[in-house]
Amino acid sequence: MGKQPGNPGLPSPRKRKGRGQEQAQSQEIHTPTKENGPSMQCSTPSMATRAGSTPPRAAECTTNNADKLLPAPATGTFQTWEGTNSMLREAIVDGRSKAAALVPLRPSLRRIKDDLVRILDETVSSHNGNASILIHGPPGTGKTLAVERAIQEVCTKHNDPTGSGSSATNPTSTSAAVPATSNTTNTAVRNVGVVRLNGLLQPDERTAFQEVAKQLCREFGQKFVKSATFDDNLVFLKGMLHALYKCLKKVVFIVDEFQQYANKGKQQMLYYLLDMLQDSKIQAAVIGVSSVHNIVEDLEKRVLSRVGRRRMLVTFPAISLEEMGDGASSSPGGGAAQSPGAAAGGGVDSYEGLLYDMLALHAGMADLAGLSPAAAAAHNAGVTRALKDIRIANCISKLALIGAPPQHVALAAEAALAAWGDDLRRQRVMAAAAVDAGQQARHGAGPPPSLGVGHLLTGLGGVLDMPERALVDAVRGLPVISLVLLVAAHRLLQKGQQLCNFEMAWDEYRSINAQRGAIAFSKQAAAAAWQTLPLSGLAHFADTNVESRGRDLSYAGVVLLVGYSDLDRGIREHPHCPDAVQKFYLQEI
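Only a predicted model underlies this, so the values are computations on that prediction, with no experimental measurement involved.

### Regarding the overall build of the protein
Phase 1 of the analysis: Secondary structure assignment for the protein yields 25 helices and seven strands.
Phase 2 of the analysis: For the protein, restricting intrachain contacts to residue pairs at least 6 apart in sequence, the fraction spanning at least 24 positions comes to 74%.

Right, here's the structure in full:
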């Protein structure tokens with residue numbers, strides 16, 4: 001047959017195929033960046049960062065993405081800054097988000113978190129180290145935040161999300177309440193489970209233990225039976241904890257609003273839960289979080305003996321002597337402000353430092369939002385300049401004067417970020433409209449607006465005006481029947497009655513029944529409206545446990561929290577206040 005006809009200078013089809021594979025392999029090793037250009041290999045992370053200002057995702061830079069690895073703009077686009085705004089707001093609102101984990105805690109709260117981590121780590125590591133801790137302090141001081149940070153650190157240390165760790169598998173058939181699972185390959189190994197309870201969401205022991213069983217089944221991959229009774233859930237809980245002990249697994253119970261369970265009769269939920277810690281075949285920890293400072297006094301003797309003596313008090317501010325000496329020469333963000341975007345020990349126990357930590361971009365946030373280090377540094381410098389403004393300093397001093405908790409500072413920061421986000425969206429729409437109209441060459445789109453003094457004034461103004469407007473708005477929103485009873489109680493206060501009950505307010509109301517145009521309603525309706533006054537924040541019961549003791553609330557003493565000026569302003573601004581109520585309020589005593 002001879003050779004295959006064709007060009008004598010070309011290889012055969014089989015040789016061309018082999019040569020094509022060799023060229024493809026050589027192209028994977030040495031990839032040119034441009035046409036006939038030299039190959040560029042990013043062998044080290046530092047070289048990759050200098051070449052494209054991007055994190056080292058791969059060891060080589062291919063031809064397709066070489067043109068895209070350009071330095072990030074120093075200012076950032078509108079979409080990037082809107083994403084940064086959303087990330088900062090998420091860090092304030094959601095304490096379990098990725099961005100919230102990057103925000104440093106203030107020094108006093110960080111010390112409490114470190115103590116919690118040490119106690120929980122000892123409980124998880126030892127074979128018989130049950131622990132019960134009670135954390136109390138004023139509302140909004142960061143108790144739940146410190147607990148969540150500690151739980152996150154402990155779970156990150158002891159749980160293996162890849163399933164490659166050499167730990168015990170899921171609970172086997174050692175307990176009838178915990179069936180074995182067949183699929184144990186390539187699953188996450190969970191050595192520490194977390195169960196969260198809330199005294200407001202699960203107010204009684206039946207719903208509480210049902211929620212405990214539900215969360216335990218979700219944490220360790222078991223089937224939850226919704227129709228189980230209280231006794232069934234209690235038996236299941238004990239069997240589950242025994243099975244987890246044999247598998248070297250631990251459970252941490254977080255009981256938020258701890259005082260709600262302490263106000264219940266016999267405190268059965270707390271007793272059953274804490275009594276399980278006395279069992280040597282159970283390894284768990286219970287963390288109680290309460291905003292009542294004398295919560296220990298309300299506990300029964302059998303519950304108090306099982307709580308233990310570990311107490312942690314969270315207050316604000318709490319500045320030590322060395323921090324006071326360092327704070328005179330430090331920037332608003334303390335250690336975090338030394339290098340914007342770098343975490344260096346957290347902020348200072350002050351309103352200014354706390355506000356800076358909520359608004360600044362810390363280590364990892366720039367990469368999470370897609371910003372360059374230069375843009376993050378410019379943002380942090382702008383926040384520092386805004387906090388040094390005399391108007392912002394006056395607002396911060398007012399926060400310290402009224403003793404606002406950190407929760408109010410978070411509200412101010414969230415409102416400032418919301419105002420900044422509105423400006424970003426408004427200017428983005430204006431820039432897009434200018435581009436569509438062909439006016440970009442003349443006017444230009446302009447850079448995105450930065451977080452400034454105006455946004456901070458908007459956020460701080462809402463928080464500073466809130467305590468003054470809260471009572472007025474509560475009075476203005478009352479139904480007419482509740483407003484009449486509030487006026488009657490206020491008249492009794494002017495007569496020298498520091499405490500009053502419903503019967504006294506009802507008798508005072510009956511004094512205007514003979515007047516013309518008076519409003520008539522039944523005593524039963526008035527008694528129901530009287531109980532809404534403590535819920536609206538205008539009054540409170542003198543005995544805080546009166547509702548849990550089953551007493552008749554008609555004879556329970558009530559203390560008014562609204563003054564003359566707030567009541568007068570609320571009545572004048574009430575949209576449906578009858579003339580008879582105004583005459584009753586203005587009538588001489």
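Now, onward.
### Side note on the environment of T532
Phase 1 of the analysis: Mapped onto the elements of the fold, T532 is located in helix α23 (residues 532-535).
Phase 2 of the analysis: On the basis of relative accessible area, T532 is assigned to the partly exposed category, the value being 33%.
Phase 3 of the analysis: Note: C-alpha distance between T532 and L478 (54 residues apart in sequence) is 9.2 Å.
Phase 4 of the analysis: Side-chain polar atoms of T532 contact the side chain of S482, separated by 3.4 Å.

### Remarks on the sheet that holds strand β5 (residues 311-313)
Phase 1 of the analysis: With parallel pairing, five strands are arranged side by side in an open sheet as β2-β3-β4-β1-β5. Because the sheet does not close on itself, it has two edges, and the strands there are β2 (192-198) and β5. In this sheet, adjacent strand axes meet at a mean angle of 15° when their direction is disregarded.
Phase 2 of the analysis: With respect to the sheet, helix α7 (residues 143-158) is in contact with β1 (131-136), β2, β3 (250-256) and β4 (284-290), its orientation differing from that of β2 by roughly 160°.

### Describing the packing of helix α8 (residues 205-220) against helix α9 (residues 230-246)
Phase 1 of the analysis: Contact pair α8 / α9: the axes reach a minimum separation of 9 Å and the direction vectors enclose 40°. With respect to the hand of their crossing, α8 and α9 are arranged in left-handed fashion. When α8 is examined against α9, the residues E205, R206, F209, Q210, V212, A213, L216, C217 and F220 are found in contact with a partner set consisting of F230, N233, L234, F236, L237, M240 and L244.
Phase 2 of the analysis: Across the contact of α8 with α9, the residue classes break down as 12 nonpolar, two polar and two charged.

### Concerning the packing of aromatic side chains
Phase 1 of the analysis: Taken as a whole, this structure holds 11 aromatic pairs when the rule is applied.
Phase 2 of the analysis: Between Y509 and F521, the ring centres sit 4.6 Å apart and the planes meet at 20°, which makes this aromatic pair stacked. With Y509 in helix α21 (residues 502-510) and F521 in the loop between α21 and α22 (523-530), this residue pair connects regions lying 12 residues apart in the sequence.
Phase 3 of the analysis: Take F521: its relative accessible area is 18%, and that puts it in the buried class.
Phase 4 of the analysis: Judged by centre distance (6.1 Å) and plane angle (20°), the rings of Y564 and Y585 are stacked. Pair noted here: Y564 is in helix α24 (residues 564-573) and Y585 is in helix α25 (residues 579-586), with a separation of 21 residues, a long-range link.
Phase 5 of the analysis: In this structure Y585 comes out as buried when scored by relative accessible area, which is 8%.
Phase 6 of the analysis: Put simply, the rings of F502, W506, Y509, F521 and W530 pair up and form one aromatic cluster.
Phase 7 of the analysis: In this structure, R302 is placed above the aromatic ring of Y271, and the distance from its NZ or CZ to the ring centre is 4.2 Å.

### Details of the nonpolar core
Phase 1 of the analysis: Residues L355, L359, L387 and L399 are the most contacted members of the largest nonpolar core, which totals 43 residues.
Phase 2 of the analysis: The biggest single contributor to this core is helix α18 (residues 406-436), with eight residues.
Phase 3 of the analysis: Excluding anything up to four places from it in sequence, L359 contacts L88, H379, V383, A413, L417, L451 and L456.
Phase 4 of the analysis: Counting 38 residues, the second-largest nonpolar core is a separate cluster that includes L485, F521, I571 and F584.

### A look at the side chain of H490
Phase 1 of the analysis: The residue H490 is located in helix α20 (residues 480-494) in this model.
Phase 2 of the analysis: Using a relative accessible area of 5% as the deciding quantity, one classes H490 as buried.
Phase 3 of the analysis: What H490 contacts, discounting residues up to four positions off in sequence, is L560, G563, Y564, L567 and Y585.

### What to know about α22
Phase 1 of the analysis: Turning to α22, its buried residues number three or more, namely A526, A527, A529 and W530. What you see down the axis of α22 is that its buried residues fit within an arc of 165°, all on one side.

### Some points on helix α14 (residues 351-359)
Phase 1 of the analysis: Burial runs high along α14: eight of the nine residues are buried.
Phase 2 of the analysis: Listed as buried for α14 are Y351, G353, L354, L355, Y356, D357, M358 and L359.

### Overview of unusual backbone geometry
Phase 1 of the analysis: The backbone of L248 sits at a positive phi, close to 60°, despite the residue not being glycine.
Phase 2 of the analysis: Within the fold, L248 resides in the loop between α9 and β3.
Phase 3 of the analysis: In this structure, Q267 takes a positive phi of about 50° despite not being glycine.
Phase 4 of the analysis: Structurally, Q267 can be placed in the loop between α10 (258-262) and α11 (268-275).

### Focus on the pattern of salt bridges
Phase 1 of the analysis: For the structure on display, the rule yields 20 salt bridges.
Phase 2 of the analysis: Note that R302 and E300 form a salt bridge whose closest N and O atoms lie 3.3 Å from each other.
Phase 3 of the analysis: For the salt bridge of E508 with R491, the shortest nitrogen-to-oxygen distance reads 2.9 Å. A residue pair is termed long-range when its members are at least 10 positions apart, and E508 in helix α21 and R491 in helix α20 qualify at 17 residues. Of the two residues examined, E508 and R491, each falls in the buried class.
Phase 4 of the analysis: Within this structure, D473, R476, R569 and E573 form a network of salt bridges that share partners.

### Looking at the confidence of the model for the protein
Close reading of the predicted structure is inappropriate where its pLDDT is low.
Phase 1 of the analysis: Taken as a whole, the protein shows an average pLDDT of 74; of its residues, 71% reach a score of 70 or greater.
Phase 2 of the analysis: A low-confidence stretch, residues 1-18 stays under pLDDT 50, and its non-local contacts, those more than four residues away or across chains, total three contacts.
Phase 3 of the analysis: In this model, residues 164-170 is a region of pLDDT below 50 whose contacts with residues beyond four sequence positions or in other chains number 12 contacts.

### Things to note about the pairing of β4
Phase 1 of the analysis: With seven of its seven residues buried, β4 lies for the most part within the structure.
Phase 2 of the analysis: Burial along β4 is two-sided: A284, V286, G288 and S290 and A285, I287 and V289, pointing in opposite directions, are all buried.
Phase 3 of the analysis: Note: β3 against β4, six bridges, orientation parallel. Paired with D256 across the bridge in β4 is V289.

### Details of the environment of F541
Phase 1 of the analysis: Secondary-structure assignment places F541 in strand β6 (residues 539-541).
Phase 2 of the analysis: By relative accessible area, F541 is classed as buried at 9%.
Phase 3 of the analysis: The spatial distance from the C-alpha of F541 to the C-alpha of N501 is 9.3 Å, given a sequence separation of 40 residues.

Rules behind the numbers
All chains use their own residue numbering, which begins from 1 and follows the written sequence. At least 70 in pLDDT is required for a residue's local features to be given in this predicted model, at least 80 for side-chain atom pairs to be given and counted, and no such filter applies to totals for whole chains, interfaces and linings, which use all residues. Hydrogens and water molecules were not included; the side-chain quantities draw on all heavy atoms of the structure. The secondary structure listing takes helices from DSSP runs of H or I that are at least 4 residues long and strands from runs of E that are at least 2 residues long, numbered from the N terminus. The contact definition used throughout considers only heavy atoms, calling two residues in contact when any of these lie within 4.5 Å. Partly exposed residues are those whose accessible area sits between 20% and 50% of the maximum for their type, while under 20% is buried and over 50% is exposed, using a 1.4 Å probe and protein chains only. Throughout this description, a polar contact denotes any pair of N or O atoms lying within 3.5 Å of each other; where both atoms belong to protein, one of them has to be capable of donating a hydrogen while the other can accept it, and for residues adjacent in sequence the pair is counted only when both atoms sit in side chains. Paired strands are those between which DSSP finds at least two bridges. All axes here are fitted lines through C-alpha atoms, helices being fitted over the stretch that makes contact, and every angle between N-to-C directions spans 0 to 180 degrees. Helix crossings get a hand from a simple test, with the near helix turned counterclockwise from the far one by less than a right angle marking a left-handed crossing and a clockwise turn marking a right-handed one. Only Asp, Glu, Lys and Arg are considered charged in this grouping, and only Ala, Val, Leu, Ile, Met, Phe, Trp, Tyr, Cys and Pro are considered nonpolar; every other residue, Gly among them, is considered polar. Two aromatic rings from Phe, Tyr or Trp, using only the six-membered ring of Trp, form a pair when their centres are within 6.5 Å; if the ring planes differ by under 30 degrees the pair is stacked, by over 60 it is edge-to-face, and anything between is tilted. A ring is scored as having a charge over it whenever the NZ atom of a lysine or the CZ atom of an arginine sits within 6 Å of its centre and within 35 degrees of its normal. Remark: nonpolar core denotes a set of buried residues (Ala, Val, Leu, Ile, Met, Phe, Trp, Tyr, Cys) joined through side-chain atoms within 4.5 Å. Taking the helix axis as origin, the arc is that swept by the directions to the C-beta atoms. Whenever a carboxyl oxygen of Asp or Glu lies within 4 Å of a side-chain nitrogen of Lys or Arg, that contact is scored as a salt bridge. The pLDDT score gives, residue by residue, the confidence of the prediction method on a 0 to 100 scale.

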